[in-house]
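These are the residues of each chain, in order.
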Amino acid sequence: MRHYTYALLGAVAGLALSGAAFAQKLPDQLTWTAYDVGSGGYNQAVAVGNALKNKMNVTLRVLPGKNDVSRTVPLREGKVPFSANGVGGTYMAQEGVYEFGAKEWGPQKVRTLLLNNSDALLTIVAAKDTGVKTMADLKGKRVAWVIGAPSLNQNITALLAYANLTWNDVQKVEFGGFGQAMQGIINGQVDAAFSSTISGPVYQLASSPRGVAYPTVPHGDKAGWARLKAKAPFFVPFMGAEGAEMSADKKVEAATYPYPVLMTYDTVDAGQVYAMTKAMVELFDEYKAAAPGNGGWDIKRQVFDWVVPVHEGAVKYFKEIKVWKPEYDKSNAALIERQKVLAEAWAAHGKGSHADDAAAMKAWQKTRAAALEKAKMDVFLTEW
């Protein structure tokens, strides 16, 4: 993953935990938000819930949300502590872009616990009967746009950019949620959408008369990858081997990123985060085979210096089991400092008096870029 290399403006506060207030225990009743019922993230959360119930007598309720915003609202309001979220509800929420650049949002101080780095892909899924084999083949095709889901839409934007295409080169078809978009492919309303290759609807598409296809993203195209990373820096080259019509012997050359991301806010109790992280790691053998993609939660597959900082409670556990290296303190501190710069820029910017929401978001876009440049931090996602 690309690391931030800017200098820290100050020491990191909050990594030292108070033992007296550190309750390392999960409540008897726990709630996560996740993607729609049937999605890879939802199925994995249910599998984790079964392990929690069987081994710890903790009941996990999984609250499905149609998009990034609906999954993140309960966390922001303090009603839910954790989410098996996507890159939208984590990275884009941190950055305060797209829907999270609206007046009622702004940059969010989110944190990660664990990342799922499975053999599955997060990619554009197309109907096989369209003849689509590469990203360039999407030109002129009907592509799903999910309202309120910046991660899904921006990911498509980035993958189109790889092929030097934009949304003007395809037919945009709007849907109210991920599940509706995927069902739209099966029903013939649209030709392609963004999904995990292990989600239920992708398997349904594969067994339908339309069939499933995965447009490739060749790793050797440096110019294409430069365009992709400029739109979505969290993507990495990967050979997908898990999902509908995929296997170790039938891999797909593509781009992907961690999904789901088990995330929270910086204000959530460190003891509860510690306990949740510990349960996920120590119960891994109980749920690893219970849902497609669950192998990605393996502690051996974790990336501790991704694009969103790790919560202090999780850091404490990782240090205890000796998987946290000293250099991760620096990268984590840099990401926390980035969030601080963004928060200060948002506060100084103010909501202002603009003619409409679009004007307000454009004004914030300029303020955000200027603040990051002044702090000598990478400026991503400047066009939205």
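Residues numbered from 1 in each chain as written. Predicted model: local features only at pLDDT ≥ 70, side-chain atom pairs only at ≥ 80, totals over all residues. Heavy atoms only, no water.

Looking now at the overall build of the protein chain. A count of helical and extended segments in the protein chain gives twelve helices and twelve strands. Overall size of the protein chain, expressed as C-alpha extent along the three principal axes, is 60 × 50 × 40 Å. Out of the 384 residues in the protein chain, the part that is buried amounts to 57%. A separation threshold of at least 6 residues defines the contact pool for the protein chain, and within that pool the share at least 24 residues apart is 75%. Element-wise, carbon and sulfur atoms account for 51% of the exposed surface of the protein chain, whose accessible area totals about 15600 Å². (Helix = DSSP H or I, 4+ residues; strand = E, 2+ residues; numbered from the N terminus. Buried < 20%, exposed > 50% of the residue type's maximum accessible area, 1.4 Å probe, protein only. Contact = heavy atoms within 4.5 Å. Areas by Shrake-Rupley, 256 points an atom, 1.4 Å probe, with all protein chains shown as cover.)

What follows is about the pattern of salt bridges. On inspection of all chains with the given rule, the structure shows twelve salt bridges. When the shortest N-O distance is used, the salt bridge between Arg368 and Glu95 registers 2.6 Å. Separated by 273 residues along the polypeptide, Arg368 in helix H12 (residues 357-374) and Glu95 in helix H3 (residues 87-95) bring together distant segments of the chain. Its relative accessible area of 0% is what places Glu95 among the buried residues. (Salt bridge = Lys/Arg side-chain N within 4 Å of Asp/Glu carboxyl O.)

A few words now on the side chain of Ser195. Its location among the elements puts Ser195 in strand E8 (residues 192-196). One polar contact links Ser195 to Ser199, side chain to side chain, over a distance of 3.0 Å. The contacts of Ser195, once residues within four sequence positions are left out, are Leu121, Leu122, Thr123, Val125, Phe178, Met182 and Val202. (Polar contact = N/O pair within 3.5 Å; in protein donor to acceptor, adjacent residues only side chain to side chain.)

Quick look at the packing of aromatic side chains now. Counted by the stated rule, this structure contains 19 aromatic pairs. Summarising the aromatic geometry, the rings of Phe284 and Tyr287 are spaced 5.7 Å apart at their centres and angled 90 degrees between planes, so their arrangement reads as edge-to-face. Of this pair, Phe284 and Tyr287 both sit in helix H9 (residues 284-287), three residues apart, roughly one helical turn. Assessed through its relative accessible area of 12%, Phe284 is described here as buried. (Phe/Tyr/Trp six-rings, centres within 6.5 Å; stacked < 30°, edge-to-face > 60°.)

Before going further, it helps to spend a moment on the pairing of strand E2 (residues 59-64). With six bridges joining them, strand E1 (residues 29-34) and E2 adopt parallel strand pairing. Paired with Ala34 across the strands is Pro64, a residue of E2. Where the polypeptide runs from E1 across helix H1 (residues 40-56) and back to E2, its parallel neighbour, the crossover connection is right-handed. (Pairing = 2+ DSSP bridges. Right-handed = clockwise from strand over helix to strand, strands pointing away.)

To continue, consider the confidence of the model for the protein chain. Confidence along the protein chain averages 90 in pLDDT terms, with 92% of residues attaining 70 or more. Segment residues 1-22: pLDDT under 50, and 42 contacts once partners within four positions in sequence are set aside and those in other chains are kept. (pLDDT = per-residue confidence, 0-100.)

All right, on to the environment of Trp346 then. Mapping Trp346 onto the fold places it in helix H11 (residues 326-349). Judged by its relative accessible area of 19%, Trp346 falls in the buried class. In this structure the C-alpha to C-alpha distance between Trp346 and Ala371, which are 25 residues apart in sequence, comes to 9.4 Å. For Trp346, the residues in contact, after removing those within four places along its chain, are Gly101, Ala102, Lys103, Trp105, Gly106, Pro107 and Trp364.

Core analysis: the biggest nonpolar cluster contains 111 residues, and Trp32, Phe234, Phe235 and Met276 have the highest contact counts within it. The element best represented in this core is helix H8 (residues 270-282), accounting for seven residues. With nine residues, the next largest nonpolar core counts Leu342, Ala345, Trp346 and Ala375 among its residues. (Core = buried A, V, L, I, M, F, W, Y, C linked by side-chain atoms within 4.5 Å.)

When we look at burial in helix H7 (residues 222-231), the residues that qualify are Gly224, Trp225 and Leu228. All buried residues of H7 fall inside an arc of 95 degrees around its axis, so they share one side. Structurally, H7 contributes buried residues whose contacts are with helix H4 (150-162), strand E10 (236-240) and strand E11 (252-256). You can read the cap of H7 off the contacts: a side-chain oxygen lies 3.4 Å from the backbone nitrogen of Ala223, and it is on Asp221. (Arc of directions from axis to C-beta.)

Looking now at the sheet that holds strand E12 (residues 261-265). Taken together, five strands build an open sheet; the order of strands is E2-E1-E3-E12-E4 and the sheet is mixed. Taken across any chain shown, the strands that pair with only one partner, and hence form the sheet edges, are E2 and strand E4 (110-115). Neighbour to neighbour, the strand axes of the sheet diverge by 30 degrees on average, direction disregarded. Relative to strand E3 (residues 82-85), E1 is paired through two bridges, and the arrangement is parallel. Within the sheet, the bridge partner assigned to Trp32 lies in E3 and is Phe82. (Axes fitted to C-alpha atoms, helices over the stretch in contact; angles between N-to-C directions.)

Strand direction decides the pairing type here: strand E6 (residues 142-146) and strand E7 (residues 171-175), joined by five bridges, are parallel. Considered in E7, the bridge of Val143 is made with Lys172. Read from E6 through H4 to E7, the crossover connection turns out right-handed.

For the rest of this paragraph, the subject is H12. With 18 residues, H12 extends 26 Å from end C-alpha to end C-alpha; this agrees with the ideal 26 Å at 1.5 Å per step. On its buried side, H12 packs onto H3 and H11. Backbone geometry just downstream of H12 places Lys376 in the positive-phi region, at approximately 60 degrees. (Expected span 1.5 Å × (residues − 1).)

So, about unusual backbone geometry. Tyr259 connects to Pro260 through a cis peptide bond whose omega is -10 degrees. As for its position among the elements, Pro260 is in the loop between E11 and E12. Within the chain, Asn57 stands out as a residue other than glycine whose phi angle is a positive 55 degrees. When you line up the elements, Asn57 lands in the loop between H1 and E2. Judged by relative accessible area, which is 51%, Asn57 ranks as exposed.

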